[in-house]
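Here is how the chains run, residue by residue.
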Amino acid sequence: MNITIVGTGYVGLVSGTCLADLGHTVHCVDVNEEKVEMMKKGRVPIYEPQLEEVFLRNIRGERLFFTTNLSEAIKVSNVIFLALPTPPGEDGSADLSYVLDVAGQIGELITEYTIVVNKSTVPVGTSEKVKSIMKSKTSIPFDVVSNPEFLREGYAVEDFMNPERVIVGSSSQRAFEVMDRIYLPLTNIGVTLIQMDEKSSELTKYASNSFLATKITFMNEIANYCEKVGADVDKVRMGMGSDERIGNRFLFPGIGYGGSCFPKDVKALIKSGKEVGYNFKILESVEEINIKQKTILVPEIEKYLGNLNGAKIAIWGLAFKENTDDIREASSLEIIEKLLSKGANVIAYDSIAMENVKKVLGNKISYAKNMYECVEDAEALVVVTEWGEFKNPHFDILTKKMKNKAIFDGRNLYNLEELASHGFYYKSIGRKLIK
Ligand code: NAD
């Protein structure tokens, strides 16, 4: 089939590339000319494991094309996926302007039956809004489908190709049939495709992300409580996770969730609830706890050093999680801002996300070439992202290079006994303080 994808960010580019790899011919449209030029030259503009290989394979196979011209793409396909940003507006609600603007443009451009498939995360009722904007622009028949995306950054290609489910929300049998054909290569290998109405589909995405954010936050609260009563959250986590009803994923305590999805989706669901007179009390607490959790280590560093003014603090990891260059809502940025406001000198290292942070923080902090250069003369090391390279450091090198042997670990990467045997001051989350 011929498919158009509008928006080539983490979701659009991965979806477009993978749909091409499933045999479809895909035209990716983006307003960012620089990005489109890069992709036309065979360069992937984001860091995402496995993406480059699949991307190049499909460009060579002439199934994957890039353009800034929406009308050109629409001429050759009548299924149009939207993978556009839905950032939080000032009041926390999802900003639908990108989605609705493009829906209006599509309404003006179509010349035959078209299906608009929304992959962006949008509040309940957005399909209706898309329909009414398009109806005001065209009398040509069309359908709107909600097809929320559940891929995780860092595992996006794997997730798109092996999803736990595909959700398709529509009120049109014709659209359901087309969506079945698009996803046939996946359903043929056993992937479940669940059909439902548009509103339920739109809400499934928010409910899933909000539930996962709640699960993480619940565990962070248990971790904070463990510290007060002398329990070890890792043991509690393993004990809980072995119960199938709970499961062991998303139970890892740490310095809060970040990224471009959980924070904004929790906010947007709270706001959508308010609009119809419903208060999501759980989610309001989740949001509040998570904000605090992100910088929970800063007072601990202050307690250890006495005063942060002029202190050299090393940061390992800037991405909001491992395997991505995405720094949206990353805990690193909040920790760094807090440390800077207290007069600390911050030096950071991240093998992938450093360039993105440079665009935001510039020379407010220094950047190291590698993880060991980063800790040179540092008075404390803060581990922020769970990148593989930080999981087994040479503690003897840290001992030689650091001014103080002090690690503040936001991801519980290290073994308490090992750190004690190396003589470190070691503060992690929900576990015994080693000193
Ligand atoms: P992104 O910011 O990475 O990408 C959006 C892209 O859209 C950019 O390349 C931008 O240039 C382009 N764009 C903006 N306006 C445009 C227009 N008028 N025409 C064409 N292109 C335009 O965003 P993302 O992370 O891919 O997220 C997209 C949507 O998917 C959001 O609603 C998000 O909540 C949802 N989502 C994201 C993830 C994720 O892990 N990132 C996962 C599931 C769902």
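What counts and how
Residues numbered from 1 in each chain as written. Predicted model: local features only at pLDDT ≥ 70, side-chain atom pairs only at ≥ 80, totals over all residues. Heavy atoms only, no water. Helix = DSSP H or I, 4+ residues; strand = E, 2+ residues; numbered from the N terminus. Rg over C-alpha atoms; globule rule 2.2 N^0.38 Å. Buried < 20%, exposed > 50% of the residue type's maximum accessible area, 1.4 Å probe, protein only. Phe/Tyr/Trp six-rings, centres within 6.5 Å; stacked < 30°, edge-to-face > 60°. Lys NZ or Arg CZ within 6 Å of the ring centre and 35° of its normal. Axes fitted to C-alpha atoms, helices over the stretch in contact; angles between N-to-C directions. Parallel < 35°, antiparallel > 145°, perpendicular 65-115°, else oblique. Left-handed = near helix turned anticlockwise from the far one by under 90°. Contact = heavy atoms within 4.5 Å. Nonpolar A, V, L, I, M, F, W, Y, C, P; charged D, E, K, R; others polar. Near = heavy atom within 4 Å. Polar contact = N/O pair within 3.5 Å; in protein donor to acceptor, adjacent residues only side chain to side chain. Areas by Shrake-Rupley, 256 points an atom, 1.4 Å probe, with all protein chains shown as cover. Pairing = 2+ DSSP bridges. Salt bridge = Lys/Arg side-chain N within 4 Å of Asp/Glu carboxyl O. Right-handed = clockwise from strand over helix to strand, strands pointing away. Domains from an automatic or database assignment. Buried area = accessible area lost by both parts, 1.4 Å probe.

### A closer look at the overall build of the protein chain
- Of the regular secondary structure elements, the protein chain holds 19 helices and 14 strands.
- Against the 2.2 N^0.38 benchmark of 22 Å for 435 residues, the protein chain shows a C-alpha radius of gyration of 23 Å, consistent with a compact globule.
- Viewed in the frame of its principal axes, the protein chain has a C-alpha envelope of about 70 × 50 × 40 Å.
- With 435 residues in all, the protein chain has 55% of them scored as buried.

### Considerations on the packing of aromatic side chains
- Taken as a whole and judged by the stated rule, the model has twelve aromatic pairs.
- With a centroid separation of 4.3 Å and 40° between ring planes, the pair formed by Tyr304 and Tyr425 is classed as tilted. Pair noted here: Tyr304 is in helix H14 (residues 297–305) and Tyr425 is in strand S14 (residues 425–427), with a separation of 121 residues, a long-range link.
- Residue Tyr304 is classed as partly exposed on the basis of its relative accessible area, which comes to 27%.
- Residue Tyr425 is classed as buried on the basis of its relative accessible area of 15%.
- An aromatic cluster of three or more residues is present, and its members are Phe395, Tyr414, Phe424 and Tyr426.
- The ring centre of Tyr367 lies 5.2 Å from the NZ or CZ of Lys358, which sits over that ring.

### A short note on the packing of helix H10 (residues 198–229) against helix H11 (residues 233–241)
- Running from N to C, H10 and H11 point in directions that differ by 135°, and their axes come no closer than 9 Å. Our classification of the angle between H10 and H11 gives oblique. Considering how the two elements wind past one another, H10 and H11 form a crossing that is right-handed. Between H10 and H11, the contacting residues are Phe218, Met219, Ile222, Ala223 and Cys226 on the first element and Val233, Val236, Arg237 and Met240 on the second.
- Along the lines of polarity and charge, the residues of the contact of H10 with H11 split into eight nonpolar, no polar and one charged.

### A look at the site of the ligand
- Taken together, 27 residues lie around the ligand, and Asp30, Lys35, Thr86, Glu153 and Lys264 are the ones closest in.
- At 3.0 Å, a backbone N or O of Tyr10 approaches an oxygen atom of the ligand.
- Contact distances for the ligand include 2.6 Å between an oxygen atom and a side-chain N or O atom of Thr86.
- The protein chains hide 88% of the 840 Å² of surface that the ligand would expose on its own.

### A word on the sheet that holds strand S12 (residues 380–383)
- The sheet built from six strands is open, its strands ordered S11-S10-S9-S12-S13-S14 with parallel pairing. Every interior strand has two partners, whereas the edge strands, strand S11 (366–367) and S14, have only one.
- In this sheet, strand S10 (residues 345–349) lies alongside strand S9 (residues 312–316) in parallel orientation, the contact comprising five bridges. Opposite Ala314, over in S10, you have Ile347 as the bridge partner.

### Describing the pattern of salt bridges
- Inspection of every chain in the model, using the stated rule, returns 31 salt bridges.
- A salt bridge links Lys235 to Asp232, with the nearest nitrogen and oxygen atoms 3.7 Å apart.
- On the basis of relative accessibility, which here comes to 61%, the residue Lys235 falls in the exposed class.
- Salt-bridge contacts for Lys403 lead to Glu379; the nearest nitrogen and oxygen are separated by 4.0 Å. Here Lys403, found in the loop between helix H18 (395–401) and strand S13 (406–409), pairs with Glu379, found in the loop between helix H17 (371–374) and S12; they are 24 residues apart in sequence, far enough to count as distant.

### A short note on the environment of Ile327
- Following the sequence through the fold, Ile327 ends up in the loop between S9 and helix H15 (331–341).
- A relative accessible area of 9% means that Ile327 is categorised as buried.
- For Ile327 and Met354, which are 27 residues apart along the polypeptide, the C-alpha to C-alpha distance reads 9.2 Å.
- Sequence-distant contacts of Ile327, that is, excluding residues within four places in its chain, are made with Leu318, Ala319, Phe320, Leu333, Ala353, Asn356, Val357 and Val360.

### Digging into the pairing of strand S2 (residues 25–29)
- Burial within S2 is extensive, with four of its five residues counted as buried.
- Sheet topology note: the strand S1 (residues 2–6)/S2 ladder contains five bridges and is parallel. Bridging from a neighbouring strand, Ile3 pairs with Val26 of S2.
- Crossover handedness for the path S1 to helix H1 (residues 10–21) to S2: right-handed.
- Note: S2 against strand S3 (residues 64–67), four bridges, orientation parallel. When the bridges of S3 are listed, Cys28 appears paired with Phe66.

### Some points on the domain arrangement of the protein chain
- According to the domain assignment, the protein chain consists of domain 1 (2–195), domain 2 (205–292) and domain 3 (295–427).
- The straight-line distance from the C-alpha centre of domain 1 to that of domain 3 is 38 Å.
- Tallying the contact residues gives eight residues for domain 1 and ten residues for domain 3.
- When domain 1 packs against domain 3, close to 750 Å² is buried across both sides, 42% of that on carbon and sulfur atoms.
- Among the residues of domain 1 in contact with domain 3, Tyr10, Tyr47 and Glu153 are the three that bury the most area, contributing 69% of the side total.
- Counting every contact that joins domain 1 to domain 3 gives one salt bridge.
- For the salt bridge of Glu153 with Arg328, the shortest nitrogen-to-oxygen distance reads 3.7 Å.

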